[in-house]
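# Remarks on the overall topology
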Amino acid sequence: MDTEALRSFVRAAELGRFQRTAEELGVTQQAVSKRIAGLERELGVRLFARTARGVELTLDGQAFLPHARSVVAAVERAVAAVRPGSRALRIGVLGLRSAQAVVLHEYWRSHPGTDLDVVTLRVTDPGVAVAAVAAGEVDASFRSVTDPGALPPDVRMIHAFDSPLELLVGPRHPLASARRLTPAQLRGHRIWVPGIAPGSEWAVFYDELATEFDLRVDAAGPHFGDEVLLDTLAESADVATFVGARDRYIWPTHYDLRRVPITDPVLAYPLSLLLPATNPHPGLRALLTHLDTLPEPPEPVWRPSWAPPVRPKESRHARRPTDAHPQ
């Protein structure tokens, strides 16, 4: 059934004149008449009777009106649910315990009136996230493309924030008592990061990190989930792993796991934001302003070669999310 014909019928019933209906809908009176006539043919009844003052509903029209109103309202709600600016800001994250989700939660708590929809895009290929942004399925996604030249022209990537790495170890590990560690002190230790997916940005990150600092990053074995990883760390005297400083992990108190910061330099995993090059959701402006307020890790900082440049604080508000190209 033609929803525009239904909308014309509802407004004509409310206004009592086809001409006024046409003016409100921005069409000709002839177009309104044709829509109503087509609707009457489809239903097999007359909906309006003409009078000297315009049109009045027939008994069939009166019976049909509340149902037509419901359909028109439902269509309007459906359109509003996917139209930027009238629907919730939809942001893609890797997981709900990730640094990205933690930062979004902090943003939402400081902006409680924000209509925010957090979508979990558990895909290893960042190209899937790029396609989701390009298609408008999400308004932005916390993912990185390690070859920015591969981005399509309608999607751009900007630096969101850095997630400094920490070493997570059990109480029996030789580094468990350290207050902080340097990358040089990690050499020779097994750093187990199971489930590094080939082609993902974190696979490229760990390859570059291991090469740069001569680290033993072990991706052997399937990833059975964070709980199994934490169980292993609690029992092991020689296995450690990397976690982001903002990542949320929960374990039983008796595990006595320790998170040890890494400094000189800080090993920063760069979180990027993929967003449309033009016509972004209006809600992105406030989110980007919030990201600009996040503290930066203390220098010196190591970032991978493909990380988007970090904008100087004094220029972060100079560009708006409507700009077509990243800095």
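Residues numbered from 1 in each chain as written. Predicted model: local features only at pLDDT ≥ 70, side-chain atom pairs only at ≥ 80, totals over all residues. Heavy atoms only, no water.

### What about the overall build of the protein chain?
Within the protein chain one finds 9 helices and 12 strands. Here the C-alpha radius of gyration of the protein chain, 28 Å, is well above what a compact globule of 327 residues would show, namely 20 Å. Overall, the protein chain is about 95 × 45 × 35 Å in size when its C-alpha atoms are taken along their principal axes. Residues counted as buried form 45% of the 327 residues belonging to the protein chain. Long-range contacts, defined here as pairs at least 24 residues apart, represent 74% of the contacts in the protein chain between residues at least 6 apart. Within the structure as shown, the protein chain displays about 16,500 Å² of accessible surface, and the carbon and sulfur contribution to it stands at 52%. (Helix = DSSP H or I, 4+ residues; strand = E, 2+ residues; numbered from the N terminus. Rg over C-alpha atoms; globule rule 2.2 N^0.38 Å. Buried < 20%, exposed > 50% of the residue type's maximum accessible area, 1.4 Å probe, protein only. Contact = heavy atoms within 4.5 Å. Areas by Shrake-Rupley, 256 points an atom, 1.4 Å probe, with all protein chains shown as cover.)

### Brief notes about the packing of aromatic side chains
Per the stated rule, a full pass over the model turns up 9 aromatic pairs. With a centroid separation of 6.2 Å and 65 degrees between ring planes, the pair formed by Phe 142 and Phe 161 is classed as edge-to-face. You can see Phe 142 sitting in the loop between strand S5 (140–141) and strand S6 (155–169) and its partner Phe 161 sitting in strand S6, a full 19 residues away along the chain. Looking at Phe 142, the relative accessible area reads 1%, which means it is buried. A cation over an aromatic ring shows up here: Arg 246 above the ring of Phe 161, its NZ or CZ 5.9 Å from the ring centre. (Phe/Tyr/Trp six-rings, centres within 6.5 Å; stacked < 30°, edge-to-face > 60°. Lys NZ or Arg CZ within 6 Å of the ring centre and 35° of its normal.)

### Focus on the environment of Arg 156
With respect to the element layout, Arg 156 can be found in strand S6. Overall, Arg 156 belongs to the buried group, its relative accessible area being 5%. When the C-alpha atoms of Arg 156 and Val 102 are compared, they prove to be 23 Å apart, with 54 residues separating the residues in sequence.

### Some details on the environment of Gly 199
Summarising the element assignment, Gly 199 is placed in the loop between strand S7 (190–192) and helix H7 (201–213). Since its relative accessible area comes to 57%, Gly 199 is described here as exposed. The spacing of Gly 199 and Thr 146 is 53 residues in sequence and 9.7 Å in space, taken between C-alpha atoms. Dropping the residues within four chain positions of it, Gly 199 is found in contact with Thr 124 and Pro 126.

### A word on empty space enclosed by the protein
Taken as a whole and assessed by the stated rule, the structure comprises 5 cavities of 30 Å³ or more. When its volume is computed, the second largest cavity comes out at roughly 70 Å³. Per-element accounting of the lining of the second largest cavity gives the leading share, 4 residues, to S6. Residues that form the lining of the second largest cavity fall into these classes: 6 nonpolar, 1 polar and 4 charged. (1 Å grid on protein atoms, 1.4 Å probe; cavity = no way out; pocket = protein on both sides within 12 Å on 5 of 7 lines; lining within 4 Å. Points joined across faces, edges and corners; volume = space filled by probe spheres on them. Nonpolar A, V, L, I, M, F, W, Y, C, P; charged D, E, K, R; others polar.)

### Here's the deal with the pairing of strand S11 (residues 266–276)
A regular strand places its side chains on the two faces of the sheet in alternate fashion. Most of S11 sits out of view: 11 of its 11 residues are buried. Note that S6 and S11 share 9 bridges and pair antiparallel. Counted as the bridge partner of Ile 158 is Leu 273 from S11. Strand direction decides the pairing type here: S11 and strand S12 (residues 301–302), joined by 2 bridges, are parallel. Of the residues in S12, the one forming a bridge with Leu 267 is Trp 302. (Pairing = 2+ DSSP bridges.)

### Concerning the pattern of salt bridges
Two side chains of opposite charge can pair, provided their charged atoms sit close to one another. Enumeration according to the criterion identifies 11 salt bridges in this entry. Note that Arg 69 is salt-bridged to Glu 14, the shortest N-O span being 3.2 Å. Of the two residues, Arg 69 is situated in helix H4 (residues 59–82) and Glu 14 in helix H1 (residues 3–15); the sequence distance between them amounts to 55 residues. Looking at Arg 69, the relative accessible area reads 38%, which means it is partly exposed. The exposure class of Glu 14 is partly exposed, given its relative accessible area of 37%. A salt bridge links Arg 303 to Asp 162, with the shortest nitrogen-to-oxygen separation between them at 2.6 Å. Taken together, the positions of Arg 303 in the segment after S12 and Asp 162 in strand S6 put the pair 141 residues apart, joining distant regions of the chain. For Arg 303, a relative accessible area of 25% corresponds to the partly exposed category. Take Asp 162: its relative accessible area is 7%, and that puts it in the buried class. Salt bridges here are not isolated pairs; linked through shared partners, they connect Arg 11, Glu 14, Glu 24 and Arg 69. (Salt bridge = Lys/Arg side-chain N within 4 Å of Asp/Glu carboxyl O.)

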